[in-house]
Every structure is written in structure tokens, then in C-alpha cells.
Amino acid sequence: MGEGAGFDVGLDCPACAARLTVAPEARSARCACGATLGCGWHGREAVFALEARLRDEAQLRGALLLDSVARHGAGLRARTERAGVERDALDPSVEEDRRQRLKAFEREQAAGLRLVEAHRLALPLWRTWGRELALENALDADGGRTLGLSARPWAETRTAHDPRLGLRLTPPRLERARARPVEAAAGQRFVPWQPAPDARTAHASEEAVTVGSLRVRAGARRALLYWPCWLARVIDADRQGFALVDGLTGAVLSRPAAPEARALLSAAVSDPEASPARTPAVQAWEAACPECRNPVSLAGSERVVFCDVCRRALSVTPGGLGQRSYACARAEAGSPPSSWLPFWSFTFRVEAGSGEPLTRLELLRERYVPRGAGAAQGGALLVPAFEPVDEALLGALPGLLSQVHSLAWQVEDGGLDPGGAARCAPATLGEDGARELAPL
């Protein structure tokens, strides 16, 4: 487990070849050379290869030597403790003798350690992450009912190889891990991946849903990560056989028997055939409105932005900025807005027993909402197209949603003039993620 994606992605700028680091959720980035980059893994799934720290056989040999010495040292310490000498109160002469014996063992191992064969393997992992939102009906300070919205990040990592391979491995911790867009390379073999369970479906059975309370995991992202490992046949002073070594930490993950090791090698392929992401990893393009050529500012997570000159809505795509139709809604009364917020609009249909389906908020409220709670009206659900990223916004969101669903709106096609100092906030939550939030 862990919060958020847990890893960063390294890219090479196609304009100047500089190394960039972005979050896996990023849709765009800006290089120091001035180029704006579109990231090519838009969508729910992506494929990356974690960057190995053990890059050659010399480093692999060093990791195996370190593991062997560590195991031998643990054995010496255990024997000393079984002899009745407390670990924290060892006699200096006893401790010095142990160190000297350990150094002698290290020299002996270094002289006799042989790598009979070594294979670079990449094991598949599914990394899924997102936010869990909870809407809860609680008592306020005056004894009345109020709705509170909270959110917390969640993430999980699962092995994605065929269970019949017999590998019983704990997925690595991904904090501060670096990844690159996956690609085939000479000498690299990939263990085929298995489809991942749907995290939202798997979680649904665990959700406690009561009247006025709901928990939902929304906007989940998933990455297929290839975990770098080495499978080596080793001869040392203690044993001979195969060792599966973590290419991130150098730790020995397991010591498979020869038949299991050969089965693993037979299953591995040279091309990962990672179907979820066969789009370019990154492209360089000009961040300018395609209609009026006005420069557009991007922060990296926007899905739809607005041109400050011609007011067109611009979708951020892997190849650049494209135009998207939109509508604006004005309240019949009230002061001029200081900010225009983006919402996704959905029609809805609720099957309510044997009666007619409910397709308007007035009827839905009449059937399910306690008397006096809200004044929602209309035939559309307006779901925020911006992600609630802080507690202040989360706290204000229930009131905002109540307000926007209770007003009579005049809807007109896009091209709005925000007026004065008003600004148009970008959309950072996609339509698919908004559809998952609709029940809230």
C-alpha cells in the first residue's frame, strides 16, 4: 500500500533530449528549452518499466556477495546469542572476533562466487491508485443534519504474472521509484502479464452504503509496471542453484528450484506486447490556441482549458490542443460571477420499484430526500469537472452542489465572456471520472 502513484516517470524531451521527470498522471509538461510536451498515456491505463539499480553482471555479483555475507553474519550473531551472550552487551573481543571471521568469509566468497548464467527478467505488476470519497450524513453543532464530504488517497500493488509459475513474491515498495516508458531491449526478457481485477468492482462489496452515507472510489488510474529482476545460476561457498534478485534493491527474492527457474525463463518473451499503451510516450507541440494562436498556460493536469482571447474550450490531447464544444449556464438572478467553474452534465434515470422511472431531480428529491433538505430541480446532474484536492474545497463542495442544483439556469452555447476579472477554471477531472462521482 501507499499513497498516490508512488513513482515518477522519466522522459526525454524530443526537442532537446533533456531529461524530464513528471507524475504519471501528467498530461503535459514544459521543458527548460521552451517546448511544451504532451504525455502519450492519456486514459486510465499506462505501461512503464521501473528503472533498475542493478544494471550489469558486476553489480549483480556484488548484490549476491552482500546477501551471502549478510546471511552468514546473521548466523554468527544467532550462534553467539544462543551461547548466552546478549546482543547489546557483547564482549568487545567477541564482537571483534565475529567481525574478523565475517571479513574472512567475505574474502572467501568473493574468490569463489561464480555466475554460471544470468538473465535480465522483468516481472509484471499492477499499480492502481486514486481517491476514495465519502459522503456522510452527520449532526451539526445545532442538532441539525448536515452532509460532509471527505477524501483520502488509496493505492495498491499486485503481482500480475501467471500464478502457475509458482512465484510467491511481495511487491516492491514504490516510494521514490523511477520509471520509463517500456520498450524492448537486447538481453531483456518480459514475463507475460495477466489482466488485473477491476479495483472499483472489487471494492464495491466492501462499501457500506446507508441512507445519507456513501463511499466511492473514483478516478482510479492503473499502470502496468515491469519490475526489473535478475535470474542467476550461482555457485558460492554455501550452495549452488538459482537466485531471483530484485533489480531495485539487490535483495534475493527467492531461490527457485531448477525446474521452476527454467519454466520462468521459458515463459518470458523479448517483446512485452503491452497493449494498454501503444501510444507515443511524449510529443513536443506548441501550447497555443489552434484558432487564434494565443499562448495557453498549462500546469500539467488539465483536460480542458479556455483560451483567454477567443474563449474556445481546448482539450489537451497527446498531439496538442484540440477544440471542444461546451455550454455555459447563467442563473436567472444574482451578482455577476467572479469565477466560472466547469461541470459535466449528465441525464439520469432511476428505476424506483414498479412506478415510472425518475428522470428529474424534483421527483427524486420527493421520493428519497427528507422534507426541507435541499431544493434540487431540473433534469441534469452537474458533476464537478475539477478534482477536490484540499480540505477547504471538500468542505465547500456539498453546499456548492446543493446551490447549483437548486437554481434555474439559462443555458447557452460556448463562447462566453467571463466579464471583468472573472476567470474560467480548467477542467482537471475527465468525463469518465465524473460519471463515477455522480452518485455522490
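Residues numbered from 1 in each chain as written. Predicted model: local features only at pLDDT ≥ 70, side-chain atom pairs only at ≥ 80, totals over all residues. Heavy atoms only, no water.

Undergrad: Hey, could you run me through helix α6 (residues 391-406) in this one?
TA: Along an α-helix, a turn takes 3.6 residues, which lines up residues three or four apart on a common side. Between the first and last C-alpha of α6 there are 24 Å, a value that for 16 residues agrees with the 22 Å anticipated at 1.5 Å per step. When the local axis directions of α6 are compared, the greatest deviation, roughly 40°, occurs at Leu 397, which is followed within four positions by the proline Pro 398. Residues Leu 394, Leu 397, Pro 398, Leu 401, Val 404 and His 405 constitute the buried set of α6. (Helix = DSSP H or I, 4+ residues; strand = E, 2+ residues; numbered from the N terminus. Expected span 1.5 Å × (residues − 1). Bend = angle between axes of the 7 residues up to and from the residue. Buried < 20%, exposed > 50% of the residue type's maximum accessible area, 1.4 Å probe, protein only.)

Undergrad: Where do I start with the sheet that holds strand β16 (residues 320-324) in this structure?
TA: If you trace the 3 strands from one edge of the open sheet to the other, you get β14-β15-β16, paired in antiparallel fashion. In this open sheet, the two strands that pair with only one neighbour each are β14 (304-306) and β16. Along the sheet, successive strands turn relative to each other by an average axial angle of 40°, direction set aside. (Pairing = 2+ DSSP bridges. Axes fitted to C-alpha atoms, helices over the stretch in contact; angles between N-to-C directions.)

Undergrad: What should I look at first to understand the pattern of salt bridges in this one?
TA: Between side chains of opposite charge, a pair can form as their charged atoms come close. This structure, assessed with the given rule, holds 17 salt bridges. Asp 12 is the salt-bridge partner of Arg 180, the closest N and O atoms lying 2.7 Å from each other. In this pair, Arg 180 is assigned in strand β8 (residues 177-181) and Asp 12 in strand β1 (residues 7-12), connecting sequence segments 168 residues apart. Overall, the relative accessible area of 37% leaves Asp 12 in the partly exposed class. For Arg 233, the salt bridge identified is with Glu 117, shortest N-O distance 3.0 Å. (Salt bridge = Lys/Arg side-chain N within 4 Å of Asp/Glu carboxyl O.)

Undergrad: Looking at this structure, I do not really get unusual backbone geometry. What am I missing?
TA: Positive phi is not limited to glycine here, since Arg 293 has a value of about 65°. Tracing the chain through its elements places Arg 293 in the loop between β13 (282-285) and β14.

Undergrad: When you look at the environment of Phe 348 in this model, what are you seeing that I'm missing?
TA: Its location among the elements puts Phe 348 in the loop between β19 (343-346) and α5 (361-368). Judged by relative accessible area, which is 12%, Phe 348 ranks as buried. For the pair Phe 348 and Leu 358, spaced 10 residues apart in the sequence, the C-alpha separation amounts to 8.0 Å. When neighbours within four sequence positions are excluded, Phe 348 is seen to be in contact with Leu 358, Thr 359, Arg 360, Leu 361, Leu 364, Gly 379, Ala 380 and Leu 381. (Contact = heavy atoms within 4.5 Å.)

Undergrad: Help me understand a nonpolar patch on the surface, please; the structure alone is not making it clear to me.
TA: A cluster of nonpolar residues, Leu 407, Trp 409 and Val 411, forms a patch on the protein surface that exposes about 260 Å² of accessible area. Within the element layout of this structure, Trp 409 appears in strand β21 (residues 409-413). (Patch = residues over 30% accessible without salt bridge, like charges linked within 9 Å, V, L, I, M, F, W, Y side chains within 5 Å. Areas by Shrake-Rupley, 256 points an atom, 1.4 Å probe, with all protein chains shown as cover.)

Undergrad: Would you mind showing me how to read helix α4 (residues 258-267) here?
TA: All of the buried residues in α4 are Ala 261, Leu 264 and Leu 265. Each buried residue of α4 sits inside an arc of 95° when the element is viewed along its axis, so together they form one side. Among the exposed residues of α4, those oriented more than 90 degrees off its buried face are Pro 259 and Ser 266. (Arc of directions from axis to C-beta.)

Undergrad: Can you walk me through the confidence of the model for the protein chain in this structure?
TA: Overall, the predicted model of the protein chain reaches an average pLDDT of 82, with 83% of residues at or above 70. Of the regions scoring below 50 in pLDDT, residues 201-211 engages in 7 contacts with residues more than four places distant in sequence or in other chains. (pLDDT = per-residue confidence, 0-100.)

Undergrad: Even after reading the chapter, I still don't get the sheet that holds strand β3 (residues 28-30), so can you show me in this structure?
TA: Strand order across the open sheet formed by 3 strands is β3-β4-β13, with antiparallel pairing between neighbours. Of all the strands in the sheet, the pair left with one neighbour each is β3 and β13. The average undirected angle you get between the axes of adjacent strands in this sheet is 30°. Looking at chain direction, strand β4 (residues 36-39) and β13 are connected through 4 bridges and run antiparallel. Within β13, the position partnered with Cys 39 by the bridge is Val 282.

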